[in-house]
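Observations on the three-dimensional arrangement
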Amino acid sequence: MVGTGIFLGAVLNALFPRRCVACGSKIGAGDRFTSVCNRCFAGIPRTTHLVCLTCGRRAIALRSVCHPRLGATLAAATGYAAPAVQALVKALKYEGRRDAALPLATLIKEQLALLLPVTGAPRAPFPLVPVPLHRSRERTRGFNQSFLIADALGRLLPGAVAIAPGLLLRERRTVSQTECADRLARERNVAGGFAVPNPERVRGKTVILVDDVCTSGATAREAARELRKAGAAVVIAATAARA
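Figured I'd write up the structure that's included with this text. (Residues numbered from 1 in each chain as written. Predicted model: local features only at pLDDT ≥ 70, side-chain atom pairs only at ≥ 80, totals over all residues. Heavy atoms only, no water.)

**Here's the deal with the state of the cysteines**
This is how it is decided: Whenever a pair of cysteine sulfur atoms sits within 2.5 Å, that pair is classed as a disulfide. For each residue, the accessible area found with a 1.4 Å probe, counting protein chains only, is set against the maximum for its type, and the residue is called buried under 20%, exposed over 50%, and partly exposed in between.
A complete count under the given rule lists zero disulfides for this structure. Of all cysteine sulfurs in the structure, the one in Cys37 sits closest to Cys40, which takes part in no disulfide; the separation is 3.6 Å. Judged by its relative accessible area of 18%, Cys40 falls in the buried class.

**A few points about the side chain of Thr78**
Applied cut-off: In DSSP terms, a helix is any run of H or I states spanning at least four residues, a strand is any run of E spanning at least two, and both are numbered starting from the N terminus. Here a polar contact is recorded for every N or O atom pair within 3.5 Å, except that within protein the pair must consist of a potential hydrogen donor and a potential acceptor, and residues adjacent in sequence are included only if both atoms are side-chain atoms. Two residues form a contact once any of their heavy atoms are found within 4.5 Å.
Inspection of the secondary structure assignment puts Thr78 in strand β3 (residues 72-79). Polar contacts involving the side chain of Thr78 include one to the main-chain carbonyl oxygen of Pro45, which spans 2.5 Å. Apart from the residues lying within four places of it in its own chain, the contact partners of Thr78 are Ile44, Pro45, Thr47, Val85, Ala240, Ala241 and Arg242.

**Brief notes about the packing of helix α4 (residues 101-115) against helix α6 (residues 145-156)**
Definition in use: Convention adopted: a line fitted to C-alpha atoms gives each axis, helices being fitted over their contacting stretch, and angles between N-to-C directions are expressed from 0 to 180 degrees. Between 65 and 115 degrees an angle is taken as roughly perpendicular, under 35 as roughly parallel, over 145 as roughly antiparallel, and anywhere else as oblique. Handedness of a crossing is defined here by the sense of rotation of the near helix relative to the far one, left-handed for an anticlockwise turn of less than a right angle and right-handed for a clockwise turn. In the scheme used here, Gly and all other residues not listed as nonpolar or charged are polar, with Ala, Val, Leu, Ile, Met, Phe, Trp, Tyr, Cys and Pro taken as nonpolar and Asp, Glu, Lys and Arg as charged.
Here α4 crosses α6 at 55°, and the two axes come no closer than 8 Å. In terms of their interaxial angle, α4 and α6 are classed as oblique. In the crossing of α4 with α6, the sense of the turn from one axis to the other is right-handed. Here Ala101, Leu102, Leu104, Ala105, Thr106, Ile108, Lys109 and Leu112 of α4 lie close against α6, whose contacting residues are Leu148, Ile149, Ala152, Leu153 and Leu156. Taken together, the residues of the contact of α4 with α6 break down into 11 nonpolar, one polar and one charged.

**With respect to the packing of aromatic side chains**
The geometry of two aromatic rings is summed up by the distance between their centres and the angle between their planes. Convention followed: Pairs were defined over the aromatic rings of Phe, Tyr and Trp, the Trp ring being its six-membered one, requiring ring centres within 6.5 Å. Orientation was assigned from the angle between planes: stacked under 30 degrees, edge-to-face over 60, tilted for the rest. The criterion is that NZ of a Lys, or CZ of an Arg, lies within 6 Å of the ring centre and within 35 degrees of the ring normal, and then a charge sits over that ring.
Under the criterion given, the structure shown has one aromatic pair. The ring centre of Phe41 lies 4.8 Å from the NZ or CZ of Arg46, which sits over that ring.

**A look at the layout of surface pockets**
This is how the line gets drawn: The distinction between a cavity and a pocket rests on a 1 Å grid over the protein atoms alone: a 1.4 Å probe fits inside a cavity but cannot get out, while a pocket stays open yet meets protein on both sides within 12 Å along at least five of seven lines, and a residue with an atom within 4 Å of a point counts as lining. Grid points are joined across faces, edges and corners, and a volume is the space filled by probe spheres set on the points.
Roughly 240 Å³ of internal volume is contained in the second largest pocket. In terms of lining residues, the second largest pocket is bounded by 16 residues, among which Pro132, Leu133, Glu138, Asn144 and Leu168 are the most central. Every element with two or more residues in the lining of the second largest pocket is listed here: β4 (126-130), α5 (135-141) and β6 (169-170). Grouping the constituent residues of the lining of the second largest pocket by class yields 10 nonpolar, three polar and three charged.

**Overview of the pairing of β4**
Successive side chains on a regular strand alternate, one facing one side of the sheet and the next facing the other. Note the cut-off: When DSSP finds at least two bridges between two strands, those strands are taken to pair.
Counting buried positions along β4 yields five of five residues, so the element is predominantly enclosed. Residues Phe126, Leu128 and Pro130 of β4 are buried on one face, and the alternating residues Pro127 and Val129, pointing to the opposite face, are buried as well. In this structure, β4 lies alongside strand β5 (residues 161-163), joined through three bridges in parallel fashion. Counterpart to Phe126 in the pairing with β5 is Val161. As paired strands, β4 and strand β8 (residues 206-214) are joined by three bridges and run parallel to one another. Opposite Leu128, over in β8, you have Ile208 as the bridge partner.

**Quick look at the packing of helix α7 (residues 183-190) against helix α8 (residues 218-229)**
To characterise two packed helices, one gives the angle between the axes of the helices and the distance between these axes. Axis separation between α7 and α8 bottoms out at 9 Å; the angle between their running directions is 35°. Between α7 and α8 lies a crossing of right-handed hand. Between α7 and α8, the residues in contact are Arg183, Arg186, Glu187 and Val190 and Ala218, Thr219, Arg221 and Glu222, respectively. Split into classes, the residues belonging to the contact of α7 with α8 amount to two nonpolar, one polar and five charged.

**Some points on the sheet that holds β3**
The strand order across the open sheet formed by seven strands is β2-β1-β3-β9-β8-β4-β5, and the pairing between neighbours is mixed. The open sheet terminates on both sides in strands that have one partner only, identified here as β2 (58-59) and β5. Where β3 lies against strand β9 (residues 234-242), seven bridges are found, and the strand directions are parallel. Residue pairing for β9: Leu74 is matched across the bridge by Ala237.

Given below as C-alpha cells:
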C-alpha cells in the first residue's frame, strides 16, 4: 500500500507538478518545501529582535519591555513586504494550501530559536497557543491557519513547546480586522473577544501566541491581555510576519 501511494504521488506530481506560490517555478525533489522553492524561501529577509507589542519599539529582553503592564512582546520573523511571505500567507488563508503552513512555521522557529535562550523566559516547554477563530468562521473556512502554523511549529520544536489548542477561546464573532477603518476600530472590534477557560494552565508560564501576520497588533494585544489576566507571566506573540 505504501509503495502504491508513493507511485500514485509520483504520477500525480508528473501530471500536475507543484509550483512555487511566489515565483511559479516547478517544485523539484531538492526543494525543502512543497509550496515554496528554496530560492524564494532563502530570499526572505529575517528579523532578529523582539519589539514591544504595545508601542513597537525594539525590546532587548522580555523582562525589560517599555510597557511591562501588558507584559507582551512581538517576535515577527520577517516583514510582510517580502513577496514570498505574502504569497505563502495568501495561499494558506485564501487558497487552502495547507502545505504553506510549514515554511511559515519554519520562519517562526528560526526566530524563536535565536531569541528564547536570551530573553529571560522561564524554562521550556512553553505553551503554544494559536490565535483562535470564532467557531462559525472556522466552520466556514474549514480550518484555522494559526492552528496549522502552530501545529507545524510544535513538530519543529519538540520538547521546547507544547501546543495547547483550547487554552484561549474566541468568545464572540467579530468582523475581519481588514474591514476596520483604523487602529482604534481594530481595537474596539476585538475588545473582550477572548477568554481563558482554565487559568491554571497558563499561570506563571511564558506563553507563545501564534498567528500568521501582525498588522496593527490589536488582536495579539487583546489575546495577550486575557492571557496575562489569567496569570501568564509573559506572552510572546510569534508571527511569521509583521505588516
